[in-house]
Amino acid sequence: MISVLSGIQPSGDLHVGNYLGALRNWVAHQHDNDAFYCIVDLHALTLEIGPDELRSRTFDTALNLLAVGLDPGACTLFVQSQVPEHPRLAWLLECTTSMGELRRMTHFKDKGGGQESVRVGLFTYPVLQAADILLYDAGRVPVGEDQRQHLELTRELAIRFNHRYGDTFVVPEAAVPGVGARVMDLQHPERKMSKSVDSPLGIINVFDDPAEIERKVKRAVTDTDGEVRFDPEEKPGVANLLALLAAATDRLPADVAKGYERYGDLKDDVAAALVELLAPLRARRLELLAEPSVVEAALRDGAARAHEVASATYARAAGAIGLLA
Ligand code: TRP
């Protein structure tokens, strides 16, 4: 069985872009792989965040992941800081990484790389991410397109370490979903649905109630030519609605387009399909909110299981590099 690892920032809320683009795959593949899913609270410290906010977001993220269907009996869901090997391996890897390599990372450049006041942790962020992945011998890493560069670096570091110190790490592959899985903002369909964009009407949260979902879909931007066909270039708004309906009902966007004469009918069906898809997740979340001990227990078990694997890998790496056992 191949090991899979992915990480998620503790942002505290989830939108349908996260769910359809990534998390639904995490859920689908938790049974056929040895799957590790990590809430990366140490990475969250690379940008401004208050202690209470970090605590509550980390917990909410765990709760939300269980609500969307991660099963602690099938996969290992854990919080990064609860497995001490992550920063420990990151140090060994930092001593295998050059300044030049990290300076090239677009993540660092985009988030304030030029400023003197930027945190050192933001600079070394990709090395900690490499540690997340390599600790679990992950052969496959399901991530979005934006993480490709970090995966490339991870591969590079694994190959270099193996070459220098002997075979230690599995060299991972990125598993990036196709374009069909990209959900765009409902108000600005030329850009990805993202919580970093200030457009509350453009984002459908996984746990929105049915009335909110209907309202946002109804207000979604379309165009004036009135024809329903899948054409992301010319008709990004309509194409996004078709992509959403297709993803929610497991069909292809071009097939979904057939039979619609009016945007209104399409929107009604998109809203209904999303409500149906998300209703059980919402219900499960309400159950979990009433039973936080279920979340706590899942994280406790997850950390213990993750620690077992991570400590063995760390010991291998530490021994290879010459640290005393
Ligand atoms: N950098 C990733 C993101 O912003 C999160 C992440 C941290 C991650 N560690 C990881 C993703 C390990 C995959 C594997 O989305």
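In this text, all values refer to a predicted model and were calculated from it rather than measured experimentally.

Within the largest apolar cluster, 57 residues are counted, with the highest numbers of intra-cluster contacts made by Tyr 19 and Leu 266. It is helix H12 (residues 263-289) that contributes the most residues to this core, 11 residues altogether. Core analysis: the second largest hydrophobic core is formed by 37 residues, Cys 38, Leu 134, Ala 306 and Ala 310 among them.

Right, let's talk about the packing of aromatic side chains for a bit. All told, the structure shown has six aromatic pairs when counted by the stated rule. Ring geometry for Phe 36 against Tyr 136: centres 4.7 Å apart, planes inclined by 35°, an arrangement best described as tilted. Here Phe 36, found in strand E2 (residues 34-39), pairs with Tyr 136, found in the loop between helix H7 (120-134) and strand E4 (140-142); they are 100 residues apart in sequence, far enough to count as distant. Given a relative accessible area of 1%, Tyr 136 falls into the buried group. Among the aromatic residues, ring-to-ring pairing joins Phe 36, Phe 78 and Tyr 136 into one connected group. Here the basic side chain of Arg 285 rests over the ring of Phe 207, its NZ or CZ set 4.9 Å away from the ring centre.

This part takes up the side chain of Thr 76. Here Thr 76 shows up in strand E3 (residues 76-79). The class of Thr 76 is buried, set by a relative accessible area of 2%. Residue contacts for Thr 76: discarding those within four places in its chain leaves Ala 35, Phe 36, Tyr 37, Gly 302, Arg 305 and Ala 306.

A few words now on the environment of Glu 85. For Glu 85, the location among the structural elements is in helix H4 (residues 85-94). We classify Glu 85 as buried; its relative accessible area is 4%. Residues Glu 85 and Thr 313, 228 residues apart in the sequence, show an inter-C-alpha distance of 8.9 Å. When neighbours within four sequence positions are excluded, Glu 85 is seen to be in contact with Leu 135, His 307, Ala 310, Ser 311 and Tyr 314. At 3.2 Å, the side chain of Glu 85 and the side chain of His 307 are in polar contact.

Looking now at the site of the ligand. Neighbouring residues of the ligand: Leu 5, Ser 6, Gly 7, Val 40, His 43, Tyr 125, Gln 129, Asp 132, Ile 133, Val 141, Val 143 and Gln 147. In the environment of the ligand, a nitrogen atom lies 3.0 Å from a nitrogen or oxygen atom belonging to the side chain of Gln 129. Note that a nitrogen atom of the ligand is positioned 2.9 Å from one of the side-chain N or O atoms of Gln 147. Compared with its free state, where it exposes 360 Å², the ligand has 88% of that area covered by protein. When contributions to the shell around the ligand are tallied by element, the ones reaching two or more residues are strand E1 (3-8) and H7. Looking at which element gives the most residues to the shell around the ligand, the answer is H7, with four residues. Among the residues forming the shell around the ligand, the class breakdown is six nonpolar, five polar and one charged.

For the rest of this paragraph, the subject is empty space enclosed by the protein. Per the stated rule, a full pass over the model turns up one cavity of 30 Å³ or more. Estimates place the volume of the largest cavity at around 40 Å³. Of all the elements in the fold, those that place two or more residues in the lining of the largest cavity are helix H9 (210-218) and H12. With five residues, H12 is the largest single contributor of residues to the lining of the largest cavity.

Cut-offs and rules
Residues numbered from 1 in each chain as written. Predicted model: local features only at pLDDT ≥ 70, side-chain atom pairs only at ≥ 80, totals over all residues. Heavy atoms only, no water. Core = buried A, V, L, I, M, F, W, Y, C linked by side-chain atoms within 4.5 Å. Buried < 20%, exposed > 50% of the residue type's maximum accessible area, 1.4 Å probe, protein only. Helix = DSSP H or I, 4+ residues; strand = E, 2+ residues; numbered from the N terminus. Phe/Tyr/Trp six-rings, centres within 6.5 Å; stacked < 30°, edge-to-face > 60°. Lys NZ or Arg CZ within 6 Å of the ring centre and 35° of its normal. Contact = heavy atoms within 4.5 Å. Polar contact = N/O pair within 3.5 Å; in protein donor to acceptor, adjacent residues only side chain to side chain. Near = heavy atom within 4 Å. Areas by Shrake-Rupley, 256 points an atom, 1.4 Å probe, with all protein chains shown as cover. Nonpolar A, V, L, I, M, F, W, Y, C, P; charged D, E, K, R; others polar. 1 Å grid on protein atoms, 1.4 Å probe; cavity = no way out; pocket = protein on both sides within 12 Å on 5 of 7 lines; lining within 4 Å. Points joined across faces, edges and corners; volume = space filled by probe spheres on them.

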